[in-house]
Amino acid sequence: MYATGFERPTGTRPSPSSMLRDAGGTYLANGLIGLIFAASGPVAVILAAGAAGDLTTAQLSSWIFGVFVLNGVLTVVASWVYQMPLGFAWTIPGTVLVGSALAHLRWAEVVGAFLLTGLLIVLVGLTGRVRQAMSAIPMPIVMGMVAGVFLQFGLDVVGAVGADPWVAVPIVVAFFALQCHQTVSRRVPPIIGAFVVGAIAVAATGSFHIDTPASSIVAVPVFTVPEFTVRAAMELVVPLAITVIVVQNGQGVAVLRGAGHRPPVNVITVASGLWSALAASVGAISSCLTGPTNALLVAGGRRDRQYIAALTFGVLAIVIGVFAPVFVTLMQAMPAAFIATVGGLALLGALQGAFRGAFGSRFTMGALVTFLVSVSDLTVLNIGSAFWGLVAGMAVSWVVERNDFRAEDPV
């Protein structure tokens, strides 16, 4: 490791011939499944967030272009350099947070917050003290915020079942039916099966309507001049940085370590920050080392060949991003119940994990206060509830749960 804390790549970079030798059906399939996962539920979350802010089709296409093309390039480069699966995507909790903020923030303000978030993440990564930054706020309090932010998406699934049962119910049934069979769910993630069944239900009910055809086949990035305001910075920058560094990168690193890899934590953080700032230029949410996608990339095969799955994922992501206008048009032609149900189910496991992390053992009162404030839509000084949830939770835990702070493992 360098003195600055940056991890060296080990070994030589794989040559084209060695990559061809390492390629195989398992790794190509895992990369494809990872791409299908990213292009289903997580994209539905982006569309739902964009709808909350009345974003145009061009702005949404630019957002999709940014998160797929830019992160696809980063995935390919990082996975090739380190010869391990390093699948980068975008922060889903951050996307939900932005959807809430767009109810009272202008899009230019949000883009400005994206840029500031990227710079903050870079600064944290450059210190070489990412582990210390991850432990600055107790994880249960962070998970309380995540649970509060995610809750509405879970409730939207229930609302969709009541509003459009012919579309929503088959999606829900397929999702849980696939979860009942572990062997099948390992090959076909439940959210992908639910997405396919939902598409069939939409076709059967005749509720697929393209109101406005795509203006172009190939994406044309929309460059938004960022607007820097205190209210947007206070509401979004710190929570977004926390979701990237602590929640998303933390999950991704844990998944890869569990599969026997040694991911370069500090390099991942700096790369996430730089790419977040770059993505902000085209109106895209912050980049991160995503947990669910990396779990799919390491789902099988030999450890030393799993980087092929990441390369496959990255290349396919670039293709999806290039044709973002067509992809967004097709997704927008789906009924609202389809987007709400698929997006909500995609977050269901994360919501369950957030509740477990928030109310497992320590900091439970602080986590509860954080959850309640985050879900309340409280706005003070034009700053949204997620930020105040963290502030309130930390304050309450500091007052009534000091023993939990003492019991925290030293960094």
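Let me begin by describing the structure that accompanies this report. (Residues numbered from 1 in each chain as written. Predicted model: local features only at pLDDT ≥ 70, side-chain atom pairs only at ≥ 80, totals over all residues. Heavy atoms only, no water.)

Observations regarding the packing of aromatic side chains
Which entries qualify depends on this criterion: Only Phe, Tyr and Trp rings are paired, with Trp represented by its six-membered ring, and only when their centres lie within 6.5 Å; those with planes under 30 degrees apart are stacked, over 60 edge-to-face, the remainder tilted. Whether a residue is buried, partly exposed or exposed follows from its accessible area with a 1.4 Å probe, protein chains only, as a fraction of its type maximum: under 20%, in between, or over 50%, in that order.
One pass over the structure, following the stated rule, counts eleven aromatic pairs. Ring geometry for W398 and F405: centres 5.2 Å apart, planes at 70 degrees, overall edge-to-face. Residue classification places W398 among the partly exposed residues on the basis of a relative accessible area of 45%. Judged by relative accessible area, which is 21%, F405 ranks as partly exposed.

Some thoughts on the packing of helix α3 (residues 41–52) against helix α5 (residues 92–101)
Inclusion rule: For helices, the fitted axis covers only the stretch in contact; all axes are lines through C-alpha atoms, and the angles between them, taken along N-to-C directions, range from 0 to 180 degrees. Only DSSP runs of H or I covering at least 4 residues are called helices, and only runs of E covering at least 2 are called strands; the numbering of each starts at the N terminus. In this scheme, roughly parallel covers angles under 35 degrees and roughly antiparallel covers those over 145, while 65 to 115 is roughly perpendicular and the rest are oblique. Crossings are sorted by hand: turned counterclockwise from the far helix by less than a right angle, the near helix makes the crossing left-handed, and turned clockwise it makes it right-handed. Any two residues whose heavy atoms approach within 4.5 Å are treated as being in contact. Three residue categories are used. Nonpolar comprises Ala, Val, Leu, Ile, Met, Phe, Trp, Tyr, Cys and Pro, charged comprises Asp, Glu, Lys and Arg, and polar comprises the others, including Gly.
As a packed pair, α3 and α5 sit with axes 8 Å apart at the nearest point and diverge in direction by 15 degrees. Taken together, α3 and α5 sit at an angle that is classed as roughly parallel. The chirality of how α3 crosses α5 is left-handed. Where α3 abuts α5, its residues P42, V45, I46, A49 and A52 lie against I92, T95, V96 and G99. Partitioning the contact of α3 with α5 into residue classes produces seven nonpolar, two polar and no charged.

Regarding helix α9 (residues 165–180)
At 3.6 residues per turn, the α-helix brings residues three or four places apart onto the same side. Selection rule: A helix is expected to span 1.5 Å multiplied by its residue count minus one. The arc in question is the one spanned by the directions pointing from the helix axis to the C-beta atoms.
In this model α9 runs 22 Å from its N-terminal to its C-terminal C-alpha over 16 residues, within 8% of the 22 Å that 1.5 Å per residue would give. Residues of α9 that are buried include every one of V167, A168, I171, V172, A174, F175 and L178, and no others. Looking straight down α9, one finds that the buried residues subtend no more than 160 degrees of arc, so they occupy a single side. More than 90 degrees from the buried face of α9, the exposed residues found are W166, V173 and C180.

Re the environment of V396
With respect to the helices, strands and loops of the structure, V396 is situated in helix α20 (residues 385–400). The exposure class assigned to V396 is partly exposed, which follows from its relative accessible area of 24%. With 245 residues separating them along the chain, V396 and L151 place their C-alpha atoms 22 Å apart. What V396 contacts, discounting residues up to four positions off in sequence, is M365, G366, V369 and E401.

Describing α20
Over its 16 residues, α20 runs 22 Å from end to end, which matches the ideal 22 Å to within 8%, given 1.5 Å per residue. Restricting attention to buried positions, one finds in α20 the residues S385, A386, F387, G389, L390, G393 and S397. The inward-facing, buried residues of α20 abut α5, α8 (139–163), α12 (230–258), α19 (364–374) and α21 (402–407).

Observations concerning unusual backbone geometry
One non-glycine residue with positive phi stands out, namely D54, at about 55 degrees. Accessibility expressed as a relative area gives 67% for D54, which makes it exposed. The phi torsion at F363 lies on the positive side, around 55 degrees, for a residue other than glycine. Of note, F363 is situated in the loop between α18 (348–358) and α19.

Points about the pattern of salt bridges
Put simply, the test is: Salt bridges are defined by distance alone: a side-chain nitrogen of Lys or Arg within 4 Å of a carboxyl oxygen of Asp or Glu.
By the definition in use, this model includes four salt bridges. With a closest N to O distance of 3.8 Å, E109 and R106 form a salt bridge. Among the ionic pairs, D304 bridges to R302, the shortest N-O distance being 2.7 Å. You can call R302 partly exposed: its relative accessible area is 49%. Through salt bridges that share partners, R106, E109, E227 and R231 make up one connected network.

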